[in-house]
Amino acid sequence: SWKMENVLDEEIKVINETVGPDEHVICALSGGVDSTVAAMLVHKAIGDRLHCIFVDNGLLRYKERERVMETFERDLHLPVTCVDATDQFLSELKGVDDPEKKRKIIGKEFICIFDDFAHELEQKLGRKPSYLVQGTLYPDVIESCPPPGSGSTHSHTIKSHHNVGGLPKDMKLKLIEPLKLLFKDEVRQLGKILNVPEGFLKRHPFPGPGLAVRVIGDVTLGNYLDTLRLVDEIFIQSIKDAGLYDVIWQAFAVFLPVRTVGVQGDQRTHGHAIALRAVTSEDGMTADWYPFEGKFLADVSQKICNSVRGVNRVSYDITSKPPSTIEWE
Ligand code: XMP
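Residues numbered from 1 in each chain as written. Predicted model: local features only at pLDDT ≥ 70, side-chain atom pairs only at ≥ 80, totals over all residues.

Novice: Can you explain the sheet that holds strand β2 (residues 50-56)? Please cite residues and give values.
Specialist: With respect to topology, 5 strands assemble into an open sheet ordered β3-β2-β1-β4-β5, the strand pairing being parallel. For this open sheet the edge positions go to β3 (80-84) and β5 (174-176), each flanked by a neighbour on one side alone. Ignoring strand direction, the axes of neighbouring strands in this sheet form an average angle of 30°. Of the pairings in the sheet, the one linking strand β4 (residues 131-133) to β5 comprises 3 bridges and is parallel in character. By the bridge assignment, L132 is partnered in β5 with L175. Along the sheet face, helix α2 (residues 33-46) touches β1 (25-29), β2, β4 and β5 and points at about 155° away from the line of β1. (Pairing = 2+ DSSP bridges. Helix = DSSP H or I, 4+ residues; strand = E, 2+ residues; numbered from the N terminus. Axes fitted to C-alpha atoms, helices over the stretch in contact; angles between N-to-C directions. Contact = placed C-beta atoms within 7 Å.)

As structure tokens, then:
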């Protein structure tokens, strides 16, 4: 629309006026819509003085790294360094059960990797990067403003929920937040003008800690993560095939560290149970479980048990938020 065309031109102008001609900018891409559109805007304004990083923490969905890197490079021509930090993350997560501890560890590791990236860039460029791009939206800005008179001193900090856990300490990076006056649907419109593929712009939200909060308990046991990825992929693909992806806010599988008895062929099995969850929501604050037809659930269940080794039971989560949360951890 003309309105978003104007927003685009205006944003590019502002970024060009803000970032000096020799200054460099860094951006952590999560694979989500917001960080991608923010990076596209900055790239359009300053070209390859933007330096993006995408971290594979070993907690991503099936083929996620390959898929988003292809979009970044082939479709969007973004300059992205892909770091595979799977071993680093998983070794720190070994033996950790507590959901909040998992989140803390993941946040901390992420900052370490981002720090290294920024320092390596400094070596390469012979100067420190000056700015960090973040895909903060208007609702995030409101949410992180304390009510007047609360005496709180933190003004605009990054939510603990946010994908990026914090800033490199000694870099003194200034923030560029080109989306901070926009709502999600406006970001999607901008993305469209910037030629971000439609399918990418409609992706469901995905939590920063990734599959770590979707494998209950210690995520490093057995091949839990790989099993979860296969189950999740079948579920999502079935939802897309049924034309339901766009009416659902989030859908995913949860790996339960529970073994149950089954029978497959004429063999008794002692396999894992998994749960499927799909919800509708406006903003993630409240959510309703999605009422799939019985036939759909039966088909998905059968497909999962037939094709994913070690899984012999599928359950569907029929709890809304509240009283549950969307994620299981
Ligand atoms: P809950 O589970 O609290 O989730 O109902 C609400 C929304 O937030 C997402 N979520 C997270 N996102 N880091 C994130 O970046 C997190 O630690 C995190 N925990 C939950 C969740 O996927 C849902 O969209």
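Novice: Hey, could you go over the pairing of strand β7 (residues 267-280) for me, with residue numbers and the actual values?
Specialist: Bridge analysis of strand β6 (residues 250-264) against β7 gives 13 bridges, and the strand direction is antiparallel. Counterpart to Q264 in the pairing with β7 is Q267. The loop that links β6 with its antiparallel partner β7 comprises 2 residues; one of these, G265, has a positive phi angle of about 65°. Sheet topology places β7 next to strand β9 (residues 311-316); 5 bridges connect them, and they run parallel. Looking across to β9, one finds that I274 is bridged to V314. Sheet analysis places β7 next to strand β8 (residues 288-289), joined by 2 bridges and oriented antiparallel. Bridge pairing links V279 to W289 in β8.

Novice: Quick rundown of the packing of helix α9 (residues 224-241) against helix α10 (residues 294-307)? Include the residues and the values.
Specialist: Put simply, α9 and α10 touch, their axes get as near as 10 Å, and they point 150° apart. Viewed along their axes, α9 and α10 adopt a mutual orientation that is roughly antiparallel. By crossing handedness, the relation of α9 to α10 is classed as right-handed. Touching V231, I234, F235 and S238 of α9 are D299, V300, K303, I304 and S307, all from α10. Here the residues of the contact of α9 with α10 are counted per class, giving 5 nonpolar, 2 polar and 2 charged. (Parallel < 35°, antiparallel > 145°, perpendicular 65-115°, else oblique. Left-handed = near helix turned anticlockwise from the far one by under 90°. Nonpolar A, V, L, I, M, F, W, Y, C, P; charged D, E, K, R; others polar.)

Novice: Explain the UniProt feature "binding site: ATP" (unreviewed entry) in the protein to me, using residue names and the numbers behind them.
Specialist: The sites that carry the UniProt feature "binding site: ATP" (unreviewed entry) are, in the present numbering, S30, G31, G32, V33, D34, S35 and T36. Note that S30 resides in the loop between β1 and α2. Following the sequence through the fold, D34 ends up in helix α2. Excluding residues that lie within four positions of it along the chain, D34 makes contacts with G135, L137, L179 and V187. (UniProt positions renumbered as here; feature names shortened; annotations may be inferred.)

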